[in-house]
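Each chain, written out:
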Amino acid sequence: MPVIQTSLQIHAPIERIFDLSRSIDLHIASTAHTGERAVAGVTSGLISLGEEVTWRARHFGIWQELTSRISQYNRPHHFRDSLVRGAFRHFDHDHYFETDGAITTMKDVFDFESPFGILGLVVNHLVLERYMRRLLEKRNEVIKEVAESEKWRTYLL
């Protein structure tokens, strides 16, 4: 099962970055290129422990829906969103936050498994792993840009 790990340093308070990372509205802004939108569950604001969101987006030219739930939550250090239903066989996306003075390190650990057995393994390694890494990195760059500017107020106040 592939595991994608990313890490990014952000010059902003840990609480701000934690909350921006669970903002439905910022997620939508950061994935605009996929047409992603929240269609059920928590569809705006901040998502919290036990809550679900269903996303509708176009990936690889196909419209898909995916529902995830916040299954672990320890503000402001960690939360996990886990697949409830969707195109993956399994996924857990852990978001970790550590602070050192004015710098917060945001880490993602995304482990997933595609359906379709052996064919899914090939798709994971040839296409999906790189595609998902790029999505995470783009999203994280948007979080960084927003957190380090006054734009964060749009999403958290």
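The notes below deal with the structure included here. (Residues numbered from 1 in each chain as written. Predicted model: local features only at pLDDT ≥ 70, side-chain atom pairs only at ≥ 80, totals over all residues. Heavy atoms only, no water.)

## Description of the pairing of strand β5 (residues 78–85)
Threshold: Think of it this way: DSSP has to see at least two bridges between two strands before they count as a pair. Helix and strand assignments come from DSSP, with helices taken as H or I runs of at least 4 residues and strands as E runs of at least 2, each series counted from the N terminus.
One ladder, built from seven bridges, connects strand β4 (residues 62–74) with β5; its direction is antiparallel. Following the sheet pairing, S68 is matched in β5 by L83. If you look at the hairpin formed by β4 and β5, you'll find three residues sitting between the two strands. The sheet contact formed by β5 and strand β6 (residues 90–100) spans five bridges and is antiparallel. Each residue of the ladder has a partner; that of H78, found in β6, is Y96.

## Observations regarding the nonpolar core
What counts here: The term nonpolar core refers to a set of buried residues drawn from Ala, Val, Leu, Ile, Met, Phe, Trp, Tyr and Cys, joined through side-chain atoms within 4.5 Å. Each residue's exposure class comes from its accessible area (1.4 Å probe, protein chains only) as a fraction of the maximum for that residue type: buried when under 20%, exposed when over 50%, partly exposed otherwise. Should any heavy atoms of two residues lie within 4.5 Å, those residues are considered in contact.
Residues I10, I17 and F88 are the most contacted members of the largest nonpolar core, which totals 34 residues. Element by element, the count of residues in this core is highest for helix α3 (residues 117–147), at eight residues. When neighbours within four sequence positions are excluded, I17 is seen to be in contact with I10, A12, F97, T104, M106, I143 and A147.

## Digging into the packing of aromatic side chains
So the rule is basically this: Aromatic pairs are defined between Phe, Tyr and Trp rings, using the six-membered ring for Trp, whenever the two ring centres lie within 6.5 Å; interplanar angles under 30 degrees are classed as stacked, those over 60 as edge-to-face, and all others as tilted.
Scanning all chains against the criterion turns up 10 aromatic pairs. Consider the rings of F18 and F79, whose centres lie 5.3 Å apart with planes at 80°: the pair is edge-to-face. Placement of F18 in helix α1 (residues 14–21) and of F79 in strand β5 is noted, with a sequence separation of 61 residues between them. An identical accessibility class is assigned to F18 and F79; each is buried.

## Quick word on the sheet that holds strand β7 (residues 103–113)
Put simply, the rule reads: Whenever a helix is involved, its axis is fitted only over the stretch in contact; in every case the axis is a line through C-alpha atoms, and angles between N-to-C directions fall within 0 to 180 degrees.
Judged by pairing direction, the sheet is antiparallel, and its seven strands sit side by side in the order β1-β7-β6-β5-β4-β3-β2 without closing on themselves. Strand pairing shows two members of the sheet lacking a second neighbour, β1 (3–10) and β2 (37–41), which therefore form its edges. Within this sheet the neighbouring strands show an average axis-to-axis angle of 25°, counted without direction. Sitting on the sheet, α1 is in contact with β1, β4, β5, β6 and β7, with an inclination near 160° to β6.

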